[in-house]
Amino acid sequence: MKVLIVGHVKTGTTALYTIIKAAMPQAHGVFEPRHLGFEAAHRHLVTKYVHLRTYRGAAETYDKRVVIIRDGFDSLISWLFFAPSLKRGFSDDEKVRDYLQQIEMLRAGQAGFKDLDALFQQISGRSGAAQISQQQRLLCTIHDDLGGNCHLLRYEDLIAGRLESLADYLGLDLQASHQPLPHLGERVARSRKAENWKRCFSRQDVRHFDPYYNEFHSRYGYNLTADDLLPRAITKTESSDFVLARINGFRKAKHLPLVGERPNGFAGGAAFEKALVAFNREADKNRGLEHIQEAIAAQPDIAGYHLLHSRILANQRRLPEALAAMDRALLLCSSESRPALLAAKAKLAG
């Protein structure tokens, strides 16, 4: 059996993927492919698909399709706490500190989520509210394309463990595998709660963000009004501490300096971000090479810059240069990072 999970960011797709994959141990798992269309090679498959902009069909090759939804207010809150580890602009330590300070003001009742989203837009270049709204529209288009040949699951039911109808649709025992697998579930989990907006939003936030999500909420029967608000209660653990841990986790994985390790952050961060985006998403890899060379010129003693340089060169089949860049990364990396880079070099050398 082949199972496709479709959802936009911060709708519980990772948790759902791990639950279904645990119930299908024989199945091949594909986590966040950029495109669909490879499915014929596998008899048993579980695919989590969130890159909705690339959807061009191919869902019909799956036996079962699950569309997962979440209310826009909760999706936005989760995104504003999660996205700084992924979005451009947060390589600047001063901007990170500004963002963390804004979260503390929010917790103290001195600011709202509309203020946090405005700062997010100022740093990253785009409103988080607009991003989630666009993702909702893409998801609706895909849901319409699937017609009735799919199962609609609410995030709220996933969190509450109400999976009986999904289990019937898939023909699987999901309750036995309800706990997310640690190596994926813990990577993105924050509060594991639904309806967070009630204890996070102000009345002004509800009025400000309602136009972004009203159409989606109406379509799927979400009735979110300011009358349901509770006293604000946002813990440090699930907000500023989570944001900082996510940013530093991303930097550590990319062999970059952590927040506060250098007095002024690290030079070349913006160029590194552009290089990474070009390498991962753009057809023209030469742009990635130009950007990473700019980053190295700004600060040549960061292992992560040379590691990405090596990956880009290897992609261009320039193996000797790629190995030389990897050697430079090895000279600069921490002792903790060295085993991983040695393994990467061995794989590169082939």
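Our subject in this report is the structure included herewith. (Residues numbered from 1 in each chain as written. Predicted model: local features only at pLDDT ≥ 70, side-chain atom pairs only at ≥ 80, totals over all residues. Heavy atoms only, no water.)

The description of two helices packed together rests on the angle between their axes and the distance between the axes. Two elements in contact, helix 3 (residues 93–107) and helix 11 (residues 240–253), have axes separated by 9 Å at closest approach and are oriented at 160 degrees. Comparing their axes, helix 11 and helix 3 come out roughly antiparallel. As for the relative orientation of helix 3 and helix 11, their crossing is right-handed in sense. When helix 3 is examined against helix 11, the residues Asp93, Val96, Tyr99, Leu100, Ile103 and Glu104 are found in contact with a partner set consisting of Ser240, Val243, Leu244, Ile247 and Arg251. In the contact of helix 3 with helix 11, the residues fall into seven nonpolar, one polar and three charged. (Axes fitted to C-alpha atoms, helices over the stretch in contact; angles between N-to-C directions. Helix = DSSP H or I, 4+ residues; strand = E, 2+ residues; numbered from the N terminus. Parallel < 35°, antiparallel > 145°, perpendicular 65-115°, else oblique. Left-handed = near helix turned anticlockwise from the far one by under 90°. Contact = heavy atoms within 4.5 Å. Nonpolar A, V, L, I, M, F, W, Y, C, P; charged D, E, K, R; others polar.)

Side chains of Arg34, Arg53, Arg88, Arg126, Arg137, Lys274 and Arg281 sit close together on the surface and give a patch of like positive charge. Along the chain, Arg34 falls in the loop between strand 2 (28–31) and strand 3 (45–49). (Patch = residues over 30% accessible without salt bridge, like charges linked within 9 Å, V, L, I, M, F, W, Y side chains within 5 Å. Areas by Shrake-Rupley, 256 points an atom, 1.4 Å probe, with all protein chains shown as cover. Salt bridge = Lys/Arg side-chain N within 4 Å of Asp/Glu carboxyl O. Lys, Arg positive; Asp, Glu negative; His and termini not counted. Charge placed at Lys NZ, Arg CZ, Asp CG, Glu CD.)

Moving on, we get to the state of the cysteines. Considering all chains together, one arrives at zero disulfides under this definition. Cysteine Cys140 remains unbridged, with the sulfur of Cys150 as its closest cysteine sulfur at 12 Å. (Disulfide = S-S within 2.5 Å.)

Assignment of secondary structure puts Thr141 in helix 5 (residues 128–146). Note: C-alpha distance between Thr141 and Leu52 (89 residues apart in sequence) is 9.6 Å.

This paragraph deals with the sheet that holds strand 5 (residues 151–154). Taken in spatial order, the five strands line up as 2-3-1-4-5 in an open sheet, and their pairing is parallel. Each edge of the open sheet is held by one strand with a lone partner, namely strand 2 and strand 5. Neighbour-to-neighbour, the strand axes of this sheet turn through a mean angle of 15 degrees, independent of strand direction. Its contacts with the sheet place helix 1 (residues 13–23) against strand 1 (2–6), strand 2, strand 3, strand 4 (64–69) and strand 5, and it is angled at close to 180 degrees to strand 3. (Pairing = 2+ DSSP bridges.)

The next subject is the pairing of strand 4. For strand 4, a buried count of five out of six residues is recorded, marking the element as mostly surrounded by other parts of the structure. Looking at chain direction, strand 1 and strand 4 are connected through four bridges and run parallel. Paired with Val6 across the two strands is Val67, which belongs to strand 4. Strand direction decides the pairing type here: strand 4 and strand 5, joined by four bridges, are parallel. Counterpart to Val67 in the pairing with strand 5 is Leu152. (Buried < 20%, exposed > 50% of the residue type's maximum accessible area, 1.4 Å probe, protein only.)

Turning next to the nonpolar core. Counting 54 residues, the largest nonpolar core has Tyr99, Phe113 and Phe201 as its most contacted members. No other element matches helix 2 (residues 72–82), which puts seven residues into this core. Look past the residues within four positions of Tyr99 in its chain and what remains in contact with it is Leu80, Pro84, Phe90, Leu116, Leu119, Phe120, Ile123 and Val243. Counting residues in each nonpolar core, the second largest holds 20 residues, with Ile5, Leu163, Leu170 and Leu174 among its members. (Core = buried A, V, L, I, M, F, W, Y, C linked by side-chain atoms within 4.5 Å.)

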